[in-house]
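Chain by chain, the residues:
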Amino acid sequence: MTQKRTSAGILGTGWCVPEKTVTNSDLEKMVDTSDAWIVERTGIHERHVAAEGQPVSDLAERAARMALEDAGVAAEDLDLIIVATLTSDRIIPSTACILQDRLGAKKAAAFDLSAACSGFAYGAAVASQFIAGGVYRHVLVIGAETLSKVVDWTDRNTCILFGDGAGAAVFGPVEDGYGLLGFDLGSDGSGGDVLDIPASGSLHPVTKEALEAHQQYIHMDGKAVFRFAVKIMGHTVEEALKKSNHTKEELDWLVPHQANIRIIDSAAKRLELPMEKVIINIEKYGNMSAASIPVALAEAAHAHRFKKGDLIALAGFGAGLTWASCIVKWAKED
Ligand code: ACO
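Residues numbered from 1 in each chain as written. Predicted model: local features only at pLDDT ≥ 70, side-chain atom pairs only at ≥ 80, totals over all residues. Heavy atoms only, no water.

For this particular structure, what's the right way to read the domain arrangement of the chain?
Many structure descriptions define interface size as the accessible area lost when the parts assemble. Each assigned domain of the chain is listed here: domain 1 (8-176) and domain 2 (180-282 + 292-329). When each unit is reduced to the centre of its C-alpha atoms, the spacing between domain 1 and domain 2 is 14 Å. Buried area between domain 1 and domain 2, summed over both chains or domains, comes out near 3,000 Å², and the portion from carbon and sulfur atoms is 68%. On the surface where domain 1 and domain 2 come into contact, there are 1 salt bridge. A salt bridge links Lys 308 to Glu 175, with the shortest nitrogen-to-oxygen separation between them at 2.6 Å. Across the contact surface, domain 1 and domain 2 share 11 residue pairs in polar contact (both at pLDDT 80 or more). Within the residue set of the side of domain 1 that touches domain 2, elements represented by two or more residues are strand 1 (8-16), helix 2 (35-42), helix 3 (56-71), helix 5 (119-132), helix 6 (156-159) and strand 7 (164-173). Sorting elements by how many residues they give to the side of domain 1 that touches domain 2 places helix 5 first, with 7 residues. The residue inventory of the side of domain 1 that touches domain 2, partitioned by class, reads 23 nonpolar, 13 polar and 7 charged. (Domains from an automatic or database assignment. Buried area = accessible area lost by both parts, 1.4 Å probe. Salt bridge = Lys/Arg side-chain N within 4 Å of Asp/Glu carboxyl O. Polar contact = N/O pair within 3.5 Å; in protein donor to acceptor, adjacent residues only side chain to side chain. Helix = DSSP H or I, 4+ residues; strand = E, 2+ residues; numbered from the N terminus. Nonpolar A, V, L, I, M, F, W, Y, C, P; charged D, E, K, R; others polar.)

Can you walk me through the state of the cysteines in this structure?
Here a disulfide denotes one covalent bond, and it connects the sulfur atoms of two cysteines. If you walk through the whole model with that rule in mind, you get 0 disulfides. In this structure Cys 159 is not part of a disulfide, and its nearest cysteine sulfur, from Cys 117, lies 17 Å away. (Disulfide = S-S within 2.5 Å.)

Please explain the side chain of Glu 299 as it appears in this structure.
Within the secondary structure, Glu 299 sits in helix 11 (residues 292-302). According to the relative accessible area criterion, Glu 299 is buried, its value standing at 15%. Side chain to side chain, Glu 299 and Lys 284 meet in a polar contact 3.2 Å long. Setting aside its immediate chain neighbours within four residues, Glu 299 contacts Trp 15, Asn 281, Lys 284 and Tyr 285. (Buried < 20%, exposed > 50% of the residue type's maximum accessible area, 1.4 Å probe, protein only. Contact = heavy atoms within 4.5 Å.)

Okay, structure coming up:
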């Protein structure tokens, strides 16, 4: 006899971006670029950046508190906290452990998840499995980044793209047939070098020479990432749809990773979704890596754009290389 699995869905969402903004015209004064180039090639107008001394845990905590309140779940009732980030406060302890303490989530296990921009969708899949299997009841998943601290502000190829922020969702049991219906997770480590931070770990520790060569910052072959992203975004959503026994015609919303408006546009075309059905906030935030999807999701949810029963695809890609999609049947009453 097979045990009945619990339906796992999103009970509440929250987000936070730092106050300070850097506009394209600010960047014109820092590197050889123009507002027109950035808008045309990426869709980005401005991005938020953390204050000096403001760690990622600060943004993550604010997003988490908002999500817990929205879900009506107390921190003490959390069983697990997952923080998807590539800019943790420190390598150890994990940012998830820092939050476990700050939130007072006394019984929660906690770990960070490393899947770059795909991290939140990876985390959502992990959370749903723990809940569906009956192991845990409430899981807090956060995507949070302070990319401004690992971006080379003298490199026009990268500094125009990224921003800081955090998004969070509380996962828990929902009505049968709702919640996370299927997912697709993938990786291709052979593409690891197209997007990396060379001096950030045991291979190349941060030495004086590494700092002088700007090896502590994000390095990216933008064209290679672009080609990969255009291929994978639509494909991963189609795979997740198959696994959840739905078709692209049934999709109500796409919440994509916000890396480049042209990548989002091509995914929407492949899925035959009009742009009104795609949640886009890249113009004001840029690429917030693991935070992009949950911030877009939370903003849309709090703007009452989703109604109960809507079929939503979350889709991301990023360093690794990684990709991930989740199909969610929205379970919350508006
Ligand atoms: N301002 C002005 N000109 C620029 C800038 C800039 N900021 N950056 C590059 N250029 C120049 C280039 O030097 C090049 O000049 P050249 O023709 O004289 O050599 C020209 O503009 C065209 O450059 P391309 O790289 O061909 O520009 P492209 O249209 O590919 O856009 C971009 C570049 C925006 C980086 C694009 O490739 C892209 O979005 N790639 C995907 C990046 C991405 O998604 N990364 C994040 C992944 S998620 C994660 O895990 C963190």
